[in-house]
Amino acid sequence: MSEDLGYGWQGDLLDLPAYLKRVGHDGDLAPTGDTLRALHRAHTTSIPFENLEIMLGRPVVLSLDTVQAKLVGRSRGGYCYEHNRLFAAVLERLGYEVTALAGRVTLGARKLLPATHALLHVRPPGQPRDEPAWLCDVGFGAGPLEPLRLLDGEEADQDGWGFRLQKGRTATAWTPSTVGWELHQRGKDGWVQRHTFTMNEQFRIDFEVGNFFVWANPHSPFSTRPFTQKFKVDAHLVLDGTTLTTNRPNASTETRTLTPEQLPETLADEFGIVLEGEDVTRLIDFERNRADQDG
């Protein structure tokens, strides 16, 4: 057996039939643009976004067997590093050219933030280099439903949800210059910059570094409270602590506040996230303690 040098996404180790069953895809698997769009949509609407391992007192592990066991074998989800670790292996297994990228989540903020969002740059095999590649973003939790073509200024309307890619800040200290990109999403107040990224290749070990910051650093936005999302064609569900929000493509919003005791049932019914054994009481206790500290 040859030594694993850390390149690639270990698609040969993937349980592809189990993954396809999990996301409900029974269509063509030829590595084409149509297949990529179908798989992206199936993944995004089937596997939820969540950070609950942190609240349950466990690290987030990115080995493919661990990610498969959690996101495919159980009724659980994950955040961007877990989703894209899995999706990259799927696409590699099918024959796509997969290159990981790192993004900086901004959500309209102007302050520079760490590059802790995972993205995938994808090409079908044999695609001419003068044709645009696809940006896959299955791990953000709020779409897009389908990959976006890397074309400056192109807008995509996907079942009423709006997305736009455009070129952004350019580093000119060297030649050729490094062109930055921005992903914008349409909301109730218009277009908002969601994250920025550059064409700088990332590897599995880079995912490990960013992942450690996200789950272990006290300054990470995901290390302090439960945060889950479920993106569907007609609704985007967000559970932030004990606040449940439903956003719709027409920009309407509904919000309600839950008790800590309601969290496990809500996660199961609304997000498809089923906690097992002592994890139920661990999550309830975590939220009770957090409420006491905030109060």
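Per chain, residue numbering runs from 1 following the sequence as it is written. It should be noted that, the model being predicted, local features are given only for residues of pLDDT at least 70 and side-chain atom pairs only at 80 or more, the latter also being counted only at that level, while totals for whole chains, interfaces and linings use all residues. In computing side-chain properties, one takes all heavy atoms of the structure into account and sets aside hydrogens as well as water.

## Some details on the environment of Gln127
Step number 1: We count a stretch as a helix when DSSP gives it H or I for four or more residues in a row; a strand needs E for two or more, and each element gets its number in order from the N terminus. Here Gln127 lies in the loop between strand E3 (117-123) and strand E4 (134-136).
Step number 2: In this structure Gln127 comes out as buried when scored by relative accessible area, which is 13%.
Step number 3: By definition in these notes, contact holds between two residues if any of their heavy atoms fall within 4.5 Å. Once you skip the residues sitting within four places of it in the chain, Gln127 turns out to touch Pro132, Ala133 and Trp134.
Step number 4: Polar contacts, as used here, are pairs of N or O atoms within 3.5 Å; protein pairs need one atom able to donate a hydrogen and one able to accept it. Residues neighboring in sequence count only if both atoms are side-chain atoms. Reaching out from Gln127, the side chain makes a polar contact with the side chain of Arg123 at a distance of 2.8 Å. Note on exposure labels: buried denotes an accessible area under 20% of the residue type's maximum, exposed denotes more than 50%, and partly exposed covers the range between, all computed with a 1.4 Å probe on protein chains only.

## Some words on helix H8 (residues 279-294)
Step number 1: Taking 1.5 Å per residue as the helical rise, H8 with its 16 residues ought to reach 22 Å, and the 22 Å between its terminal C-alpha atoms agrees with that figure.
Step number 2: Among all positions of H8, only Asp279, Leu283, Ile284 and Glu287 are buried. The buried residues of H8 occupy an angular sector of 140 degrees when the element is viewed end-on, so they sit on one face. Summarising the geometry of H8, the exposed residues directed more than 90 degrees from the buried face are Asp292 and Gln293. To estimate the expected span of a helix, count its residues, drop one, and scale the result by 1.5 Å. Arc definition: it is the arc formed by the directions from the helix axis to the C-beta atoms.

## Quick look at the sheet that holds strand E2 (residues 97-105)
Step number 1: Within the open sheet, the eight strands sit side by side as E5-E4-E3-E2-E9-E8-E7-E6. Their pairing is antiparallel. The sheet terminates laterally at strand E5 (148-149) and strand E6 (155-158), the two strands that pair on one side only.
Step number 2: A strand pair is defined by DSSP finding two or more bridges across the two strands. As paired elements, E2 and strand E9 (residues 190-198) share three bridges and run antiparallel to each other. Bridge assignment links Arg104 to a residue of E9, and that residue is Thr196.
Step number 3: This element, helix H5 (residues 80-94), spans E2, E3 and E4 of the sheet and lies at about 15 degrees to E3. Here an angle of 0 to 180 degrees is reported between the N-to-C directions of two axes, which are lines fitted to C-alpha atoms, with helices fitted over the stretch in contact.

## A word on helix H2 (residues 33-46)
Step number 1: Taking 1.5 Å as the rise per residue, H2 with 14 residues should run 20 Å; its terminal C-alpha atoms sit 20 Å apart, in good agreement.
Step number 2: Of the residues making up H2, those classed as buried are Gly33, Thr35, Leu36, Leu39, His40, Ala42, His43, Thr44 and Ser46.
Step number 3: Residues of H2 that are buried make contact with helix H1 (16-23), H5, E3, E4 and strand E10 (227-231).

## A word on the side chain of Gln185
Step number 1: Here Gln185 is to be found in strand E8 (residues 178-187).
Step number 2: One polar contact links the side chain of Gln185 to the main-chain carbonyl oxygen of Ala142, over a distance of 3.2 Å.
Step number 3: Looking at Gln185, its side chain comes within polar contact range of the side chain of Arg194, at 2.8 Å.
Step number 4: Contacts of Gln185, omitting those with residues within four sequence positions, involve Ala142, Gly162, Phe163, Gly190, Trp191, Val192 and Arg194.

## What about unusual backbone geometry?
Step number 1: The omega torsion across Gly143 and Pro144 is 10 degrees, close enough to zero to call that bond cis.
Step number 2: Tracing the backbone through its elements, the reader meets Pro144 in the loop between E4 and E5.
Step number 3: In this structure, Pro176 follows Thr175 across a cis peptide bond, with omega equal to -5 degrees.
Step number 4: Backbone geometry at Leu107 places phi at a positive 50 degrees, although glycine is not the residue there.
Step number 5: Along the chain, the position of Leu107 falls in the loop between E2 and E3.

## Looking at the environment of Asn217
Step number 1: Here Asn217 shows up in the loop between helix H6 (204-216) and E10.
Step number 2: If we skip the residues at most four places from it in the chain, Asn217 touches Phe212 and Ser223.

## Some words on the packing of aromatic side chains
Step number 1: Any Phe, Tyr or Trp ring, taking Trp's six-membered ring, that has another such ring centre within 6.5 Å forms a pair; planes under 30 degrees apart are called stacked, those over 60 apart edge-to-face, and the others tilted. Here the structure, examined in full by the defined rule, presents 10 aromatic pairs.
Step number 2: Summarising the aromatic geometry, the rings of Tyr81 and Phe207 are spaced 5.3 Å apart at their centres and angled 70 degrees between planes, so their arrangement reads as edge-to-face. Taken together, the residues span a long stretch of sequence, with Tyr81 in helix H5 and Phe207 in helix H6 at a distance of 126 residues. Across this residue pair, the class does not change: Tyr81 and Phe207 are buried.
Step number 3: Think of it as a cone above the ring: NZ of Lys or CZ of Arg counts as a charge over the ring if it is within 6 Å of the ring centre and within 35 degrees of the ring normal. Here the basic side chain of Arg164 rests over the ring of Trp191, its NZ or CZ set 4.6 Å away from the ring centre.
Step number 4: Taking the ring centre of Phe140 as reference, the NZ or CZ of Arg194 above it sits at 3.8 Å.

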